[in-house]
Amino acid sequence: MALLHLSYVSTLAEDASLADLVRDLESFRSRNLSLGITGCIAFEGRRIMQVLEGPTERVQALYETIARDPRHHDVIQIERKTISRVSFGHWGMIRRPIADVLFLSQLS
Ligand SMILES: Cc1cc2nc3c(=O)[nH]c(=O)nc-3n(C[C@H](O)[C@H](O)[C@H](O)COP(=O)(O)O)c2cc1C
């Protein structure tokens, strides 16, 4: 099965709440796991960076959904590559400091 590694950066919308988004991470994590998607996310001020990995079509579809989400804007894809195995094991979506997300995104 072809696996995709995709990362992007974005900016939290003025009217969006970081606390609400952080609360939603638990549901993102379980939805991702049910889709076979894993990854990590970082918040620094209003900047967001997220890495998604998993079956190509599912990761692409989730990215398109996320990119349209009005809670953030200026979504810029920074990497999109085929990988032979995922880096994040069983983490459906884990929050890490931005330096860790950058580091982890370079491992695959
Ligand atoms: C920064 C950010 C990251 C998100 N990450 C995920 C994610 O990893 N998994 C997920 O299911 N939804 C994530 N979402 C939420 C999706 O954009 C969307 O609201 C959710 O998947 C429900 O989509 P649906 O209403 O089309 O089912 C994220 C949203 C934002 C703003």
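One structure accompanies this document, and this report is about it. (Residues numbered from 1 in each chain as written. Predicted model: local features only at pLDDT ≥ 70, side-chain atom pairs only at ≥ 80, totals over all residues. Heavy atoms only, no water.)

### Comments concerning the overall build of the chain
Definition in use: In this text, helices come from DSSP runs of H or I with a minimum length of four residues, and strands from runs of E with a minimum of two, each type numbered from the N-terminal end. Values of the radius of gyration come from C-alpha atoms, whereas the globule rule sets the reference at 2.2 Å times the count of residues to the power 0.38. Relative accessibility decides the category of a residue: with a 1.4 Å probe and only protein chains considered, values under 20% of the type maximum give buried, values over 50% give exposed, and everything between is partly exposed. Two residues form a contact once any of their heavy atoms are found within 4.5 Å.
Along the backbone of the chain there are three helices and five strands. In the chain, the succession of helices and strands from N to C terminus is β-α-β-β-α-β-β-α. Here the C-alpha atoms of the chain give a radius of gyration of 13 Å, agreeing with the 13 Å that 2.2 N^0.38 yields for 108 residues. For the chain, the spread of C-alpha atoms along the three principal axes comes to 40 × 25 × 20 Å. Expressed as a percentage of the 108 residues in the chain, the buried residues total 40%. Contacts in the chain between residues far apart in sequence, at least 24 positions, make up 79% of those at least 6 positions apart.

### A word on the sheet that holds strand S4 (residues 72-83)
Basically, it comes down to this: What makes two strands pair is DSSP finding at least two bridges between them. Lines fitted to C-alpha atoms define the axes here, with helix axes fitted over just the stretch in contact, and angles between the N-to-C directions of these axes take values from 0 to 180 degrees.
Ordered in space as S4-S1-S3-S2-S5, the five strands form an open sheet in which the pairing is mixed. Each of the sheet's edge strands pairs with one partner strand only, and the pair in question is S4 and strand S5 (94-95). Pairing of strand S2 (residues 38-44) with S5 involves two bridges; the strand directions are parallel. Paired with Ile41 across the bridge in S5 is Arg95. Packed on one face of the sheet, helix H1 (residues 18-35) meets strand S1 (3-12), S2, strand S3 (47-55) and S5 and runs near 170° to S2. Packed on one face of the sheet, helix H2 (residues 56-68) meets S1, S3 and S4 and runs near 155° to S3.

### A closer look at the site of the ligand
Rules: Working definition: residue near molecule or strand if any one of its non-hydrogen atoms lies within 4 Å of it. Polar contacts, as used here, are pairs of N or O atoms within 3.5 Å; protein pairs need one atom able to donate a hydrogen and one able to accept it. Residues neighboring in sequence count only if both atoms are side-chain atoms. Note that accessible areas follow from Shrake-Rupley with a 1.4 Å probe, and for residues the cover is restricted to the protein chains shown.
By nearness alone, 15 residues border the ligand, and Arg31, Asn32, Gln50, Asp69 and Arg71 come closest of all. Within the side chain of Asp69, a nitrogen or oxygen atom sits 2.6 Å from an oxygen atom of the ligand. Note that an oxygen atom of the ligand is positioned 3.3 Å from one of the side-chain N or O atoms of Arg71. Contact with the protein chains hides 77% of the accessible area of the ligand, taken as 620 Å² for the molecule alone. Sorting the residues of the shell around the ligand by element identifies H1, S3 and H2 as the ones contributing at least two each. Per-element tally for the shell around the ligand: the top contributor is H1, with four residues.

### As for the packing of aromatic side chains
As a reminder of what qualifies: The aromatic pairing rule takes the rings of Phe, Tyr and Trp, using the six-membered ring of Trp, and pairs them if the centres are within 6.5 Å, calling planes under 30 degrees apart stacked, those over 60 edge-to-face and the rest tilted.
Within the structure shown, the criterion is met by one aromatic pair. Centroid distance Tyr8 to Tyr63: 5.8 Å. Interplanar angle 50°. Geometry classified as tilted. Remark: Tyr63 occurs in helix H2 and Tyr8 occurs in strand S1; sequence separation between them is 55 residues. Here Tyr63 falls in the buried class, since its relative accessible area comes to 9%.

Function-wise, these values are silent; they only describe arrangement.
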